[in-house]
Every structure is written in C-alpha cells, then in structure tokens.
4 protein chains.
Amino acid sequence: MSGTLNKVMLIGHLGDEVKMHYFEGGNCIGRFPIATNESYTNRQTGEKVTTTEWHNIVVRNKAAEICEKYLSKGDKIYVEGRLKTRQWQGEDGQTRYSTEIQVQDFTFLTPKEGGMPNQGGGAQASTTQGQQRNQPERPADTRPVQQEEEDDLPF
Amino acid sequence: MSGTLNKVMLIGHLGDEVKMHYFEGGNCIGRFPIATNESYTNRQTGEKVTTTEWHNIVVRNKAAEICEKYLSKGDKIYVEGRLKTRQWQGEDGQTRYSTEIQVQDFTFLTPKEGGMPNQGGGAQASTTQGQQRNQPERPADTRPVQQEEEDDLPF
Amino acid sequence: MSGTLNKVMLIGHLGDEVKMHYFEGGNCIGRFPIATNESYTNRQTGEKVTTTEWHNIVVRNKAAEICEKYLSKGDKIYVEGRLKTRQWQGEDGQTRYSTEIQVQDFTFLTPKEGGMPNQGGGAQASTTQGQQRNQPERPADTRPVQQEEEDDLPF
Amino acid sequence: MSGTLNKVMLIGHLGDEVKMHYFEGGNCIGRFPIATNESYTNRQTGEKVTTTEWHNIVVRNKAAEICEKYLSKGDKIYVEGRLKTRQWQGEDGQTRYSTEIQVQDFTFLTPKEGGMPNQGGGAQASTTQGQQRNQPERPADTRPVQQEEEDDLPF
DNA sequence: TTTT
DNA sequence: TTTT
C-alpha cells in the first residue's frame, strides 16, 4: 500500500498568536493560522484583486513549544507538512470538516533583533527528522526538534 | 504585498471518476477526489495503522478535459496546486468550509496500454504555464495545457 | 511521454549581485549564487558543524530584470525551478559539468524599507505562469512575470 | 542560524541499477541515475523537442539497501532530498564538481506484480524521518527507513 | 543510461 | 560568495 505523497509547503504570516494545548502524558500541540496572498488582474474590469487564503497550522510537542516561544502574530514563516482533514460533530449534530496542515518542518523568516533564535537575522527552527540528537537551547541555530509522529494525540 | 507561497503536492489514487461542470462562456472545471495513505505503528499496541486522507481536486478548462478523458477511478496521479478553502452556506444557514486543491500542474502515473496519452508507459499531461504554445493531440507527450488562472470562474 | 517531475525549491541568501547577460534578439538571463545552510552535530565529537551549499541560479528575461533591479548580495529569496546540468569543454579539452537551477518562480523574502517592491514588508516578485497579463511597475505587488520557456536561449 | 531551505523533488526512471558502496563501520550508500524529461515546441521550427535531464541520486544505509533490493533499471520512482555539490580533484589536478541529490524520502512508482513491496500496486518505501520505529519486512507497506543524517560518511 |  |  501507499506509494503516495501528501505534502504542503507554505510561506505566510501568522494571523494570530500560537495557541497551546496540553495533554495528559506530556504531549502538546500548538495551533496558529497563517495567511498567504494571491494577486491577479480581473480580465473584464482590469482591476487588481488580492485574495487572502488562511491555513490552519498544527505543530506538536517540542516544535510547538519553540513556535510558541519565538513566533508572534505577523511573523513570516515557512512551513512544510501534511494535509489532514478532521471530522467533528457540530452542536447541531451535523458533520463538519476542518482541514489542517500538520507541520513536519518549519523555518522562521522574520528577522529578530537581539533575540535568542538568532540575533538580527532570519531566525530558524525546524522539525526535520533524523536530527533529534540536537536539542539546542538556541533553536534558531540548528534544525533541532523532531516532529514526532506516533504519539497518539487525539488528531 | 505577498512574498508568500501556497503549494500542495500530492501523489495518490482517484477515488472516483472526474466530474465535469460546464459554465456559460465556455469555461469548465473537473472535480475528483484522490486518496493518500500513511502507515505507522501504534506505540502502545505495536499494531500497524493505515490511514487514508482524501483530497478534493479541482482542475480547469483544457486540463479538466484532459483529466476527464484519460483518468479513471483508481488511477494514480501526481498533482501540484494551491490550497483554497471555499465557504458556503449549509441548508441550515450555517457556514461550511471545504478545502480544495486547485491544480496548476499534474502528471499521470498509471501506465496505459495501447492508449493515446502514451502507449504502455507512464502517461503524462500537465498544465505547466509557459507552454501553452503546445496544444498536442497527444496530451501525454508533453506538458500541454496551461492552467488559466483569471477566468472568473465562480470559485 | 514523460510523467516525470523535476523540481527544486530553495530559500537562501544571495552570495553575489545578479549578473546579467544580454543576447541578440532581446533575450537576457541573470545569474546569481544563493547559499543554503545545514547544521548538525557530529556524533563522535559532539561539536556542531555548519555547512554551506551553493546553488547556481539562472533567471530569464523579465524575471531576470526584476531580480537585477531589486535583489542585492545578502538578500534572502525563495526560488523554485528545474535542475539542469550543462556540459561544456574546459580549456584542457575535458568535459565539465555545471548544475544550475532554472527559475520558474520566486519570491523576495528580504523586507525593503521605503522601496518600490513593497514598502516595509516581505517583497515579492514571481514568474508564475498564467499571469503574464500583469506587468506591474511594482513587481512586489503581484506575481507578474512569466518565465518564458521557449526562447531558444543558448542554455 | 539558517532559515534556509534546500529541497529537490523528482519523479523519473532509473537509467541504471543501484550501485552499492560499503564502508567500514557498517554504513553504506547506494547510487543510481534517474532521468526526467521535458518536451517543448521550438518556436522557430515548430518541431517538438524532448530533452532528458540526468540526476545523480544518493541513498544511505537501510534506504540504500531497500532501493538495491526493489529497484531496477527502468523503474519509476519519486525521490525527495537535498542538493549537494561535491568537489574533487581530477587526475589532471583540476577541481571538478558533481551535483547529487541526497535522498531524504522516496516512493516506488512502478507496480510490481506478485512481489514483496506490495503485490500488484504502486510499491512504496520511504526514508521519512520520525518513523524509524517501523522496520517492516515489507518495505512497501509503510514508510520504514529513516534516512540517517549524521553518520560521518565521506560525502 | 530511463521512459513514451 | 550569503546568512546567523
């Protein structure tokens, strides 16, 4: 089975702060929206139209904590992950769907001055797998945190 | 404005036939679902779990017609595009959301024997822009169809 | 024929200015190097190692002119394109190879203050196809320039 | 440091068998070439031109062994990785460059009948990190092998 | 050197 | 040759 690929890559700005949720057992996730923009010119009217697309980003565990610590509303970020559509029951008993990007890798693109993640440059922190040996205090200096995948979180 | 990126790349199998919708003015879109799979081993139980993720694919105009002509349920395809979440009113007056992948490029990955798109190999057709000069009868032989973007389709 | 994919996506910093080359017939290309970094911790020694990878970027025509106008050494950029390995004869008669990224799309990631491409934000300009209708004076406001593909440039 | 991205994604056919190299200490790498194709129509002559691009793929350790076992010349594969340009001295004392794709993830796209990796479907095996807990005997059924990154291999 |  |  498989031979499939499910990949999303986004560069956008945070529309809100990272919201953390903690679970029993020590796991946690962070959620935040990011916006991407498209501009085009309407053929008929000739006017330029800009549209904004909002994406629901979900990060886990250490990566979530790094995002919460270093990301703020308005910051630019590169995010790579998987599309996942969750299903849930509305209060009215109807099924609702919500599509999220489950983050596997990310990189901060807003320079932070005088800060930890990297003073005065384009900060970075990432969940690239295979490098969980690095658990730096300075997340921006390396691709530190592995995005763990099998932690039985309820999503 | 912008400096953003909104990109999705999928390899998966069609869960159904391509459904066409024609609009006044000559535009059309095709819709079909594709499935991607993930497998992992549950940490606690040790059992292997396979999950399927479904994606709503939307293709436009010539690309839609090529997909309708050459793709069937079960076929494997590579699809590249943009995430777009549409909003609509349910019959109950509530706002619903549906996230789609608006296709910009694609490649058939199921070999077709004795067929047009390419006899006995991995067929291909694609909406890569910048090559709209090619309008081949044999879509698999090239990246023929431009995915037009500004056609004021209602989505 | 085909059913193949050849895609490169980079975020990095310019190691030098954009070098333009003009051809008879009006075509032109711009070349510049960009650097990406990887950090990892050496297993044996425990020391952190940072390596830099250099990439040869090639942009064409209008996109090249936008890059030349708005990009400077040190700027951060997102670049998407195709891998192409050129062959050439060294002075010693030996065949040499050089691998380049032929740009299809790009986005400026270094904020420019008070400038054209977009005052105080993450500038952007891009060669996305299908939008060659937009030929803005302010490239950062939209994805303006189509990366033309069939212009018989000598590479 | 960083905030950079170095990503390559290819779908192509193996031009040769996987060549293994074993190192002291138990590490190994596999190398193989894959071909991607582009077709376009020459503007002046109107004739269709097909070009082939060759890519040097490098896989490590368990992933290399899976590739060697299940891939053959002509097979189609999806490969994701990083660009890396190696430098070496030619016999004439001149510096030569060779650009490789260091694989991080892959998926077999050639259906194998009656075989292990998955009977009669699109086989798959992959080095996705974060899932090294799975070490299946049937590589196609899951994303089994982690592409280890810090093993001090000489490349 | 692949594939169609 | 970039960046932190």
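Where an unreviewed UniProt entry is consulted, chain A appears under the name Single-stranded DNA-binding protein, with the organism given as Zeaxanthinibacter enoshimensis. Chain A has a UniProt comment under Subunit (unreviewed entry) that states "Homotetramer." Note on chain A: under the UniProt heading Function (unreviewed entry), the record states "Plays an important role in DNA replication, recombination and repair. Binds to ssDNA and to an array of partner proteins to recruit them to their sites of action during DNA metabolism."

Colleague: Sorry, what's going on with the overall build of chain A here?
Modeller: Assigned secondary structure in chain A consists of one helix and eight strands. Counting all 155 residues of chain A, 59% fall into the buried class. Sequence-distant contacts, at least 24 apart, represent 51% of the contacts inside chain A between residues at least 6 apart. Put simply, chain A shows about 6,200 Å² of open surface, and 47% of that area lies on carbon and sulfur atoms.

Colleague: Mind showing me how you'd approach unusual backbone geometry here?
Modeller: Phi is positive for N61 of chain C, close to 50°, though the residue is something other than glycine. Its place among the elements puts N61 of chain C in helix 1 (residues 61-70).

Colleague: Mind showing me how you'd approach the relation of the copies chain B and chain A here?
Modeller: The relation between the two chain copies is a rotation about an axis coupled with a shift along that axis. In the superposition of chain B on chain A (RMSD 0.0 Å, axial shift 0.0 Å), the rotation amounts to 180°. What we have between these two chains is a two-fold relation. Scanning chain B for the C-alpha nearest the rotation axis identifies V8 of chain B, at a separation of 2.2 Å. Here 100% of the interface residues in chain B have copies in chain A that are interface residues too; the copies meet face to matching face.

Colleague: I'm lost on the pairing of strand 5 (residues 76-89) of chain C in this one. Help?
Modeller: Along a regular strand, successive side chains alternate from one face of the sheet to the other. Residue and element names in this part refer to chain C. Where strand 1 (residues 5-14) lies against strand 5, six bridges are found, and the strand directions are antiparallel. Residue G12 lies in a different strand from strand 5, and its bridge partner there is I77. Note that strand 5 and strand 6 (residues 95-108) share 13 bridges and pair antiparallel. Looking at the pairing, R82 lines up with Q102 of strand 6.

Colleague: Would you take a moment to explain the pattern of salt bridges for this structure?
Modeller: If the charged atoms of two oppositely charged side chains come close together, the side chains can form a pair. Residues and elements named next belong to chain C. With the rule as written, the count across this model stands at 28 salt bridges over all chains. Linking K7 and E80 is a salt bridge whose minimum nitrogen-to-oxygen distance equals 2.6 Å. Of the two residues, K7 sits in strand 1 while E80 sits in strand 5, which places them 73 residues apart along the sequence. When its relative accessible area of 6% is taken as the criterion, K7 is described as buried.

Colleague: Just to check I follow, could you spell out the pairing of strand 2 (residues 19-22) of chain B for this structure?
Modeller: All names here are of chain B. Pairing of strand 2 with strand 3 (residues 28-41) involves four bridges; the strand directions are antiparallel. Within strand 3, the position partnered with Y22 by the bridge is C28. Between strand 2 and strand 3, which pair antiparallel in sequence order, lie five residues; one of them, G25, sits at a positive phi of approximately 95°.

Colleague: Got a minute to help me understand the interface of chain B and chain A in this structure?
Modeller: Frequently, the measure chosen for interface size is the accessible area removed from exposure when the parts meet. Counting from both sides, the interface comprises 42 residues of chain B and, opposite them, 42 residues of chain A. Summed over both partners, the interface of chain B with chain A comes to about 3,500 Å²; 44% of that surface belongs to carbon and sulfur atoms. Residue E38 of chain B is joined to R82 of chain A by a salt bridge in which the shortest nitrogen-to-oxygen separation is 3.0 Å. Counting across the chain B and chain A interface gives 17 residue pairs in polar contact (both at pLDDT 80 or more). At nine residues, strand 1 (residues 5-14) of chain B tops the list of elements feeding residues into the side of chain B that touches chain A. For the side of chain B that touches chain A, a count of residues per class yields 12 nonpolar, 17 polar and 13 charged. As defined by bridge partners, strand 1 (residues 5-14) of chain A adjoins strand 1 of chain B across seven bridges and the pair is classed as antiparallel. The partner of L10 of chain A across the bridge, within strand 1 of chain B, is N6 of chain B.

The rules behind the values
Residues numbered from 1 in each chain as written. Chains lettered and ligands numbered in written order. Predicted model: local features only at pLDDT ≥ 70, side-chain atom pairs only at ≥ 80, totals over all residues. Heavy atoms only, no water. UniProt positions renumbered as here; feature names shortened; annotations may be inferred. Helix = DSSP H or I, 4+ residues; strand = E, 2+ residues; numbered from the N terminus. Buried < 20%, exposed > 50% of the residue type's maximum accessible area, 1.4 Å probe, protein only. Contact = heavy atoms within 4.5 Å. Areas by Shrake-Rupley, 256 points an atom, 1.4 Å probe, with all protein chains shown as cover. Least-squares fit on C-alpha atoms with pLDDT ≥ 70 in both. Pairing = 2+ DSSP bridges. Salt bridge = Lys/Arg side-chain N within 4 Å of Asp/Glu carboxyl O. Buried area = accessible area lost by both parts, 1.4 Å probe. Polar contact = N/O pair within 3.5 Å; in protein donor to acceptor, adjacent residues only side chain to side chain. Nonpolar A, V, L, I, M, F, W, Y, C, P; charged D, E, K, R; others polar.

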